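Inside the fold
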Amino acid sequence: MAQEESRDAGIWSRIVNAPLHWQIAVALALAVLVSLVADDETMVLGASLVEIFDFFGGLFLNALKMIVVPLIVSSIIMGVHNMAGRENFGRVGGKTVGFYVATGLIAVFTGLVLVNVINPGGGESVKALSENMPDVSDQLTRVEGRDAGDLVEVISRAVPDNIFAAAVNMELLALIFFSVVFGYFMARIEGPPRDTLTNLWTGIHDVMIRITRWVLLFAPYGVFALVGKALLQVPLETLLEALAWFTLTVLLALATHFFVTLPLLLRFVGGVRPYAYYGRIMPAQLMAFSTASSSATLPVTLSSARRAGVSEGTTSFVLPLGATVNMDGTALFECVVVIFIAQAFGADLTVVDQFLVVLLALLTSVGVAGIPAASLVAITLILTVLGLPLEAIGLYIAVDRILDMCRTSVNVTSDLTVTALVARTEGEELPEVRAGESSEEAAA
């Protein structure tokens, strides 16, 4: 008897201490099981099971919204401060940031074009899902009826007249603008004030990371509630059919950036043979795919870049920065998810709205890049800004793990691509992968 209890305790301990993605997988499996034995009329202790799921799912969504503002502000302030405080921030820093912004924009626009062309949220199965969500007609009025004339207003709101009001109203562009300016000039002052501010914001950032990790400990329960509610209201086969086109859209967009955009940049901007370079950096790509973490992959990323011939001086600056701020795959994914949800709920996103999605996807991918399940926090924020229902994030979580692995591999590949571009524009030869010359010719 004691042995059985000990064995049961060991199994439970392994489940509790398992990586987050496995806990979420278990939560999804349990949600499916519940949907097979219950329906939307099932009662538990006198309350509707749907209402119970809605309550706990709502708590999880509220917790995500709670951490967004301080997390974004502290992350960007410290990121800009650390970057601007480097001695070689000038020429090399400018090139690095420029390439990171360019590849990020290309990635987001790739996702934007494909999600509009394929229209994964326009199918009947997706409409069936959205019809069973709470009534969001009032929310959708926020994103309808806009035109290009509102673009000036969007840009003007990026410079806040009251930063505290912007925080209360969760005006993301204003918060990001203030955080960038504050972080830059915090790095420009000298003496004790700089040390005090650095310690303060470092502490805030570290606390927010801990709080975020704590909130994400409850992600399996939130996923169980959100997905369980959706499955009680919509059959599983309908959900999988709805996600098939969404998954295809994301994978096609990521593949386009991975196999077309980044190789073209390597070949025509850096003068590097793309797939010779990819052969050198494959260990980092595979590590990123398996861990789904750019930060965890960083040691392998550094060694892979040096294996391709990039100098240590370049890799030590470009790659740690990229692991923090350059998230092409994540930004692309956020854009596709938000447009997919808008399509599912029949929201008419104008050019201005889609411009906002592009901008927010790029900026939030920077602001929350160092956090596990970063896209969940960022997508929550973008949906809030656009007025779309937060409950809809439960739709894509069922396929998020494999997509997370793919987009992380794209993130790391983009970091390494920019590293090669910076190295080549700084005069480094990279003879092993340079275009027009084989390794044998270089050795001769």
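Note that this is a predicted model, so its numbers are computed, not measured.

Okay, the overall build of the protein chain next. When you go through the protein chain residue by residue, the secondary structure sums to 21 helices and two strands. Buried residues in the protein chain amount to 50% of all 444 residues. Within the protein chain, counting contacts between residues at least 6 apart in sequence, those at least 24 apart form 82% of the total. Total accessible area on the protein chain stands at roughly 19,900 Å², and carbon and sulfur atoms take up 64% of it.

Another point: helix H4 (residues 91–118). With 28 residues, H4 extends 41 Å between its outermost C-alpha atoms, agreeing within 8% with the 40 Å of an ideal straight helix rising 1.5 Å per residue. Positive phi shows up at Asn-119, right after H4, with a value of about 55°.

Judged by nonpolar contacts, the single largest core of 101 residues is most densely connected at Leu-64, Phe-246, Tyr-277, Ile-393 and Tyr-396. It is helix H16 (residues 328–344) that contributes the most residues to this core, twelve residues altogether. By size, the runner-up hydrophobic cluster in this structure holds ten residues, among which are Val-73, Ile-163, Ala-174 and Trp-201.

This part covers helix H10 (residues 192–216). Here H10 spans 36 Å end to end across 25 residues, near enough to the 36 Å set by a 1.5 Å rise per residue. Taken as a whole, H10 has its buried residues at Arg-194, Thr-198, Trp-201, Met-208, Ile-209, Thr-212, Val-215 and Leu-216.

By the definition in use, this model includes three salt bridges. The salt bridge partner of Lys-95 is Glu-426, with a shortest N-O separation of 2.5 Å. Taken together, the positions of Lys-95 in helix H4 and Glu-426 in the loop between helix H20 (400–425) and helix H21 (439–443) put the pair 331 residues apart, joining distant regions of the chain. On the accessibility criterion, Lys-95 (24% relative accessible area) is partly exposed. For Arg-280, the salt bridge goes to Glu-432, with nearest N and O atoms at 3.0 Å. Separated by 152 residues along the polypeptide, Arg-280 in helix H13 (residues 274–291) and Glu-432 in the loop between H20 and H21 bring together distant segments of the chain. Given the relative accessible area of 24%, Arg-280 is considered partly exposed.

This brings us to the environment of Trp-201. Summarising the element assignment, Trp-201 is placed in helix H10. Contact partners of Trp-201, with chain neighbours within four places excluded, come to Val-73, Ser-74, Ile-77, Met-78, Phe-182 and Met-186.

Turning our eyes to something else, we now look at the packing of aromatic side chains. Given two aromatic rings, one states the distance between the centres and the angle between the planes to describe the pair. For the structure on display, the rule yields twelve aromatic pairs. Between Phe-258 and Phe-259, the aromatic rings sit 4.8 Å apart at their centres with planes inclined by 70°, giving edge-to-face as the arrangement. By relative accessible area, which is 12% here, Phe-258 ends up buried. Aromatic rings pair up to connect Phe-258, Phe-259, Tyr-275 and Tyr-278 into one cluster. Just above the ring of Phe-268 sits the side chain of Arg-267; from NZ or CZ to the centre is 5.7 Å. Here the basic side chain of Arg-407 rests over the ring of Phe-333, its NZ or CZ set 3.9 Å away from the ring centre.

Looking at the element boundaries, Ala-392 is found in the loop between helix H18 (374–386) and helix H19 (393–396). As for Ala-392 and Thr-380, which are separated by twelve residues in sequence, their C-alpha atoms are 9.6 Å apart.

Taken together, Phe-259, Val-260, Leu-264, Phe-268, Val-269 and Tyr-275 make up a surface patch of nonpolar side chains, about 630 Å² in accessible area. The leading source of residues in the nonpolar patch is helix H12 (residues 236–268), at four residues. Its location among the elements puts Tyr-275 in helix H13. Tyr-275 gets classed as partly exposed once you look at its relative accessible area, which sits at 47%.

Positionally, Gln-285 belongs in helix H13. Ignoring sequence-local partners within four residues, the contact set of Gln-285 consists of Phe-258, Tyr-278, Ser-409 and Thr-413.

Orientation of H4 relative to H16, taken along the N-to-C sense of each, is 30°, at an axis distance of 8 Å. Between H4 and H16, the angle is such that the two are roughly parallel. Considering the relative orientation of H4 and H16, their crossing is right-handed. In contact with Tyr-100, Thr-103, Gly-104, Ala-107, Val-108, Gly-111, Leu-112, Val-115 and Asn-116 of H4, H16 contributes Asp-328, Ala-331, Leu-332, Cys-335, Val-336, Ile-339, Phe-340 and Gln-343. Residues of the contact of H4 with H16, tallied by class, amount to eleven nonpolar, five polar and one charged.

Moving on, we come to unusual backbone geometry. Non-glycine residue Asn-119 carries a positive phi angle of around 55°. Examined against the element boundaries, Asn-119 turns out to sit in the loop between H4 and helix H5 (124–131). Using a relative accessible area of 35% as the deciding quantity, one classes Asn-119 as partly exposed. A positive phi angle, close to 50°, is found at Leu-430, a residue other than glycine.

Take Thr-103: it is sitting in helix H4. Only 3.1 Å separates the side chain of Thr-103 from the backbone oxygen of Tyr-100, close enough to count as a polar contact. Of the polar contacts made by the side chain of Thr-103, one reaches the side chain of Asp-328; its length is 3.2 Å. Those residues in contact with Thr-103 that sit more than four places away from it in its chain are His-257, Leu-262, Leu-265, Asn-326, Asp-328, Ser-414 and Val-418.

Segments scoring low in pLDDT should not have their predicted coordinates read at a detailed level. Looking at the protein chain as a whole, the pLDDT averages 77, with 77% of positions reaching at least 70. When the elements of the protein chain are averaged for pLDDT, H21 gives the smallest value, 43, and H4 the largest, 90. For the stretch residues 135–151, pLDDT sits under 50, and the model shows 30 contacts to residues farther than four places along the chain or on other chains. Segment residues 438–444 is flagged for pLDDT under 50; beyond a separation of four residues in sequence, or across chains, it makes seven contacts in the model.

Cut-offs and rules
Residues numbered from 1 in each chain as written. Predicted model: local features only at pLDDT ≥ 70, side-chain atom pairs only at ≥ 80, totals over all residues. Heavy atoms only, no water. Helix = DSSP H or I, 4+ residues; strand = E, 2+ residues; numbered from the N terminus. Buried < 20%, exposed > 50% of the residue type's maximum accessible area, 1.4 Å probe, protein only. Contact = heavy atoms within 4.5 Å. Areas by Shrake-Rupley, 256 points an atom, 1.4 Å probe, with all protein chains shown as cover. Expected span 1.5 Å × (residues − 1). Core = buried A, V, L, I, M, F, W, Y, C linked by side-chain atoms within 4.5 Å. Salt bridge = Lys/Arg side-chain N within 4 Å of Asp/Glu carboxyl O. Phe/Tyr/Trp six-rings, centres within 6.5 Å; stacked < 30°, edge-to-face > 60°. Lys NZ or Arg CZ within 6 Å of the ring centre and 35° of its normal. Patch = residues over 30% accessible without salt bridge, like charges linked within 9 Å, V, L, I, M, F, W, Y side chains within 5 Å. Axes fitted to C-alpha atoms, helices over the stretch in contact; angles between N-to-C directions. Parallel < 35°, antiparallel > 145°, perpendicular 65-115°, else oblique. Left-handed = near helix turned anticlockwise from the far one by under 90°. Nonpolar A, V, L, I, M, F, W, Y, C, P; charged D, E, K, R; others polar. Polar contact = N/O pair within 3.5 Å; in protein donor to acceptor, adjacent residues only side chain to side chain. pLDDT = per-residue confidence, 0-100.

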